[in-house]
Amino acid sequence: MPFLIRPFFAGVMIVSIFAGIMWSCAYTEKIKDGQTAFERKQYAVAIPMLAKSFERAKRKTEQGQIAFLLGECYRRTNKPTEAIDWYRTAFDYQYGLEALKQHALALKENGQYREAIDAFRELGFELGSPYEYRREINSCERAIEWTAAKDEKTVRVLPSPANTPSAEYAPAVYAKNLVFVSDRPASLGDDMYPWTGRDYSDLFFLEDDMALPFPSPLNSEFNEGPASFSADGKEVFLTRCSSPGKFEDGFCKIWHSTLIDG
């Protein structure tokens, strides 16, 4: 599927210029601590730094703040199991009710519905409003019922053989095939993406239940994101986010590609 590809600037030239200004300013600050890495959205980089800071902190309130940031890092890298304990630690170390709320939500996301119910009830008690999170509790109770259901009306959804533990999102259609974005190990490039700690994302398409990557130049060593194809399959608009250095900020542009001569 050979494509010619170029940046698409029409209507976004001012944004591109502004992004260039931001880009030139962002690299003056070298990441030396977990707080800075967190602020720069380099969550995978921030985790070991923050863990060391937590061990060195002498005051519980300081440890509570660091624990909350660790919970946020794990949540934003799609690791709710690890986030659960750090949010709880943050609450126990006097961070505040936001930590308990995120703890309850992480339990729910991880499928620990009974523990989530207890956490939501505790949160309501702490707020002095026992029914504040009644909707969340109801949804957990319903999930427990659905999980246990085994009657003839139960529908079991099985994963596709093309599914992996990696991120998979932003579906589109191209030439009757499903196209999606994934950061699975088959992506181009060898570097770790500082946000997630996994590979950079590429565009893949399904063919007979097999996920195949689009060839270059649509995919690159950088992050390729959601794509939109024309009805005749000869044009595509996609997002590419690139950075000049391994731990430097990346900025996104919309790219336009045209299929020529097959």
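Refer to the preceding data block for the structure.
Every value quoted in this text rests on a predicted model; they were computed, and no experiment measured them. (Residues numbered from 1 in each chain as written. Predicted model: local features only at pLDDT ≥ 70, side-chain atom pairs only at ≥ 80, totals over all residues. Heavy atoms only, no water.)

**With respect to the sheet that holds strand S4 (residues 202-207)**
- Reading across from one edge, S2-S3-S4-S5 is the order of the 4 strands in this open sheet, with antiparallel pairing throughout. Of all the strands in the sheet, just strand S2 (168-174) and strand S5 (210-213) have a single pairing partner and so form its edges. Neighbour to neighbour, the strand axes of the sheet diverge by 35 degrees on average, direction disregarded.
- With 4 bridges joining them, strand S3 (residues 177-182) and S4 adopt antiparallel strand pairing. The partner of valine 179 across the bridge, within S4, is phenylalanine 205. (Pairing = 2+ DSSP bridges. Helix = DSSP H or I, 4+ residues; strand = E, 2+ residues; numbered from the N terminus. Axes fitted to C-alpha atoms, helices over the stretch in contact; angles between N-to-C directions.)

**Considering the pairing of strand S6 (residues 223-229)**
- When you tally the buried positions in S6, you get 5 out of 7 residues, the bulk of the element.
- Judged from the 5 bridges that link them, S6 and strand S7 (residues 235-242) form a sheet pairing that is antiparallel. Bridge assignment links serine 228 to a residue of S7, and that residue is phenylalanine 237.
- Hairpin connection between S6 and S7: a loop of 5 residues separates the two successive antiparallel strands, and glycine 233 in this loop has a positive phi of roughly 75 degrees. (Buried < 20%, exposed > 50% of the residue type's maximum accessible area, 1.4 Å probe, protein only.)

**A few points about the packing of helix H3 (residues 43-56) against helix H4 (residues 60-76)**
- Following both chains from N to C, one finds H3 and H4 inclined at 155 degrees, their axes separated by 9 Å at the closest point. Classified by the interaxial angle, the pair formed by H3 and H4 is roughly antiparallel. When you trace H3 past H4, the crossing you get is left-handed. The segment H3 lies against H4, with Tyr43, Ala46, Ile47, Leu50, Ala51, Ser53 and Phe54 engaging Gln63, Ile66, Ala67, Leu69, Leu70, Cys73, Tyr74 and Arg76.
- The class makeup of the residues in the contact of H3 with H4 is 12 nonpolar, 2 polar and 1 charged. (Parallel < 35°, antiparallel > 145°, perpendicular 65-115°, else oblique. Left-handed = near helix turned anticlockwise from the far one by under 90°. Contact = heavy atoms within 4.5 Å. Nonpolar A, V, L, I, M, F, W, Y, C, P; charged D, E, K, R; others polar.)

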